[in-house]
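Inside the fold
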Amino acid sequence: MLEEALYAAEAVAAQHMYADEALAALGRALAVERPSLALTVARGSSDHAANYFAYLAMQRLGVPVVSLPMSLVTLHRAPLAVKGQLAVALSQSGQSPDLIDTMKALGAAGARTAALVNKHQSPLAAACEWVVPLCAGDEKSVAATKSYITSLSAVARLVAHWQADDALLAALANLPQRLTEATRQDWTAAVDVLRDAERIMVVGRGLGFAVALEAALKFKETCAIQAEAFSGAEIKHGPMALIDDGYPLLIFAPRGPEQQGLIDLAEEMRGRGAKVLLAAPDNIVSRDLTLALADDEALDPLLAIQSFYLMAARLSEARGLNPDVPRHLSKVTCTR
């Protein structure tokens, strides 16, 4: 897991070289025949990347994006009216039957289907009109790392090309260097706090919520910590009742209009006795963990999860676990 997370910068650079042309072609096609709705089809870490895509596409393009419950298609055969709309599948393996069957059904119903998949010669790729390789390379660790980061960079590239956003494209060109900088952030404080933890809440908002979702999954998957992700706007609607003295919270507060509210939340939770780990850029004095900065703030979440992955791998080992072989899990999950 640690080695593969460290490879993310190289994987993103490879994507720039080998997948950008396909993403640009898809973006131009969408700009010419603009869909009024986009659907995402994914599970696990890939679904967290879909969450990032949804927020970014809605924020910058104004196109509503919906995460499609696949059972509507695979079990209920719902007659979805999707002609001319965009359906994006994200996957590492491209082998799960529910993804494949759903994309086939959406394509048959007239949707424009695109697979962003690491295994670009896979059944999922064969089921879709557009295929974009994530270029993460082989991923041996059960816990996805570089394939998640390349999923985020791929959807950011798609949005940038769709919008013809030269500034975001330039920032993406510099992303490998920024990811390398993110690997140099010292998150030892989190290992010290969480070495004996049994539970944690992970908080984010906006584009950063996708990182909170992913971090919570990795805490469960690699560290055997019961972790839940919440939006900073939702944590007071019930979850806060769980927080007592010493309760650990990891709060991601990257740049953006959501940042101040998350910083304020961290301060409030400290006042309630929680053990807060605030991850924020180095200009935030109250931070506990430092977030590296991208050339466009929309890419800051990619750097945040890069720093987190390295910490999570070390935390797993500090807890006497093997992050490469999580209990009861396998690399490819097949659901129908």
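Within any chain, residue numbers begin from 1 and follow the written order of that chain's sequence. Given that this is a predicted model, residues contribute local features only at a pLDDT of at least 70 and side-chain atom pairs are listed and counted only at 80 or more, while totals for whole chains, interfaces and linings are drawn from all residues. Processing note: side-chain calculations cover all non-hydrogen atoms of the structure and skip hydrogens and water entirely.

**Quick notes on the nonpolar core**
- With 87 residues, the main nonpolar core has Tyr 52, Val 202, Phe 219, Leu 250, Phe 252, Leu 299 and Phe 308 as its most contacted residues.
- Only heavy atoms enter the contact rule, under which two residues are in contact if any of them lie within 4.5 Å. Every residue in contact with Phe 252, bar those within four places of it in the chain, is listed here: Trp 187, Val 202, Val 203, Gly 204, Val 211, Ala 212, Ala 215, Leu 262, Ala 279, Ala 304 and Phe 308.
- In terms of nonpolar packing, the next biggest core, distinct from the first, is built from 20 residues, Ile 243, Ile 251, Ala 274 and Leu 278 among them. As used in this record, nonpolar core signifies buried Ala, Val, Leu, Ile, Met, Phe, Trp, Tyr and Cys residues forming a set joined through side-chain atoms within 4.5 Å. For every residue, the accessible area obtained with a 1.4 Å probe (protein chains only) is divided by the maximum for its type, and the residue is called buried under 20%, exposed over 50%, and partly exposed between those limits.

**Concerning the sheet that holds strand S5 (residues 130-133)**
- Any two strands are treated as partners once DSSP identifies two or more bridges connecting them. By definition, any uninterrupted DSSP run of H or I lasting at least four residues is a helix, any uninterrupted run of E lasting at least two residues is a strand, and each is numbered from the N terminus. The strand order S2-S1-S3-S4-S5 describes an open sheet built from 5 strands, whose pairing is parallel. A strand with exactly one partner marks an edge of an open sheet, and here the two such strands are strand S2 (65-67) and S5. The average undirected angle you get between the axes of adjacent strands in this sheet is 20°. Only the contacting stretch of a helix is used when fitting its axis, a line to C-alpha atoms as for every element, and angles between N-to-C directions run 0 to 180 degrees.

**Notes on the environment of Arg 195**
- Counting through the fold element by element, Arg 195 comes out in the loop between helix H11 (188-194) and strand S6 (199-204).
- Note: C-alpha distance between Arg 195 and Arg 314 (119 residues apart in sequence) is 9.8 Å.
- In contact with Arg 195, not counting residues within four places along its chain, are Leu 315, Ala 318 and Arg 319.

**Things to note about the side chain of Gln 92**
- Tracing the backbone shows Gln 92 in the loop between strand S3 (86-91) and helix H6 (97-108).
- For Gln 92, a relative accessible area of 13% translates into the label buried.

**Things to note about the packing of helix H4 (residues 45-61) against helix H8 (residues 146-163)**
- The contact between H4 and H8 brings their axes to 9 Å, and the two run at 20°. Here H8 runs roughly parallel to H4, going by the angle between their axes. For the element pair H4 and H8, the recorded crossing hand is right-handed. Residue-level inspection shows Ser 45, His 48, Ala 49, Tyr 52, Phe 53, Leu 56, Ala 57, Arg 60 and Leu 61 of H4 in contact with H8, the latter providing Tyr 148, Ser 151, Leu 152, Val 155, Ala 156, Leu 158, Val 159, Trp 162 and Gln 163.
- Gly is put with the polar residues, along with every residue not named as nonpolar or charged; the nonpolar set is Ala, Val, Leu, Ile, Met, Phe, Trp, Tyr, Cys and Pro, and the charged set is Asp, Glu, Lys and Arg. Broken down by class, the residue content of the contact of H4 with H8 amounts to 13 nonpolar, 4 polar and 1 charged. Comment on the angle field: the value is read as roughly parallel under 35 degrees, roughly antiparallel over 145, roughly perpendicular from 65 to 115, and oblique elsewhere. In this scheme, a crossing is called left-handed if the near helix is turned counterclockwise away from the far one by less than a right angle; it is called right-handed if the turn is clockwise.

**Section: the pairing of strand S4 (residues 112-117)**
- The buried count for S4 comes to 6 of 6 residues, which makes it a mostly enclosed element.
- Of the two faces of S4, the one holding Arg 112, Ala 114 and Leu 116 and the one holding Thr 113, Ala 115 and Val 117 are both buried throughout.
- Alignment of S3 against S4, held across 6 bridges, turns out to be parallel. Across the sheet, residue Ala 89 finds its bridge partner in S4, namely Ala 115.
- A crossover gets the label right-handed when its path from the first strand over the helix to the second runs clockwise, viewed with the strands pointing away from the viewer. The parallel pair S3 and S4 is bridged by H6, and the resulting crossover is right-handed.
- Taken together, the 4 bridges between S4 and S5 define a ladder with parallel strand orientation. For Leu 116, the partnering residue across the bridge sits in S5 and is Val 132.

**Some points on the packing of aromatic side chains**
- For this analysis, a ring pair means two rings from Phe, Tyr or Trp (six-membered ring only for Trp) whose centres lie within 6.5 Å, classed as stacked if their planes differ by under 30 degrees, edge-to-face if by over 60, and tilted for the remaining angles. In this structure the tally under the stated criterion is 5 aromatic pairs.
- Ring geometry for Trp 187 against Phe 252: centres 6.3 Å apart, planes inclined by 35°, an arrangement best described as tilted. You can see Trp 187 sitting in the loop between helix H10 (175-182) and H11 and its partner Phe 252 sitting in strand S8 (residues 248-252), a full 65 residues away along the chain. Comparing Trp 187 with Phe 252 shows no difference in burial state: the two are buried.

**Topic: the state of the cysteines**
- Two cysteine sulfurs form a disulfide in these notes if their separation is within 2.5 Å. All told, the structure shown has 0 disulfides when counted by the stated rule.
- Cysteine Cys 135 remains unbridged, with the sulfur of Cys 128 as its closest cysteine sulfur at 17 Å.

**Structural notes on unusual backbone geometry**
- Despite not being glycine, Ala 164 shows a phi value in the positive range, around 55°.
- Checked against the element boundaries, Ala 164 lands in the loop between H8 and helix H9 (166-173).
- Overall, Ala 164 belongs to the exposed group, its relative accessible area being 58%.
- Notably, Ala 224 is not glycine yet its phi reads approximately 55°, a positive angle.
- Tracing the chain through its elements places Ala 224 in the loop between helix H12 (209-223) and strand S7 (226-231).
- A relative accessible area of 37% places Ala 224 in the partly exposed class.

**With respect to the sheet that holds strand S9 (residues 275-280)**
- The parallel open sheet is built from 5 strands, whose spatial order is S7-S6-S8-S9-S10. The outermost strands of the open sheet, each flanked by one partner alone, are S7 and strand S10 (289-290).
- By the bridge criterion, 2 bridges tie S9 to S10 in an arrangement that is parallel. Its bridge partner being in S10, Ala 280 is matched across the sheet by Thr 290.
- Across the sheet, helix H13 (residues 259-271) is in contact with S6, S8 and S9; its angle to S9 comes to roughly 165°.

**A look at the environment of Leu 242**
- Residue position: Leu 242 is located in the loop between S7 and S8.
- Given the relative accessible area of 43%, Leu 242 is considered partly exposed.
- For Leu 242, the residues in contact, after removing those within four places along its chain, are Arg 199, Met 201, Glu 228 and Tyr 247.

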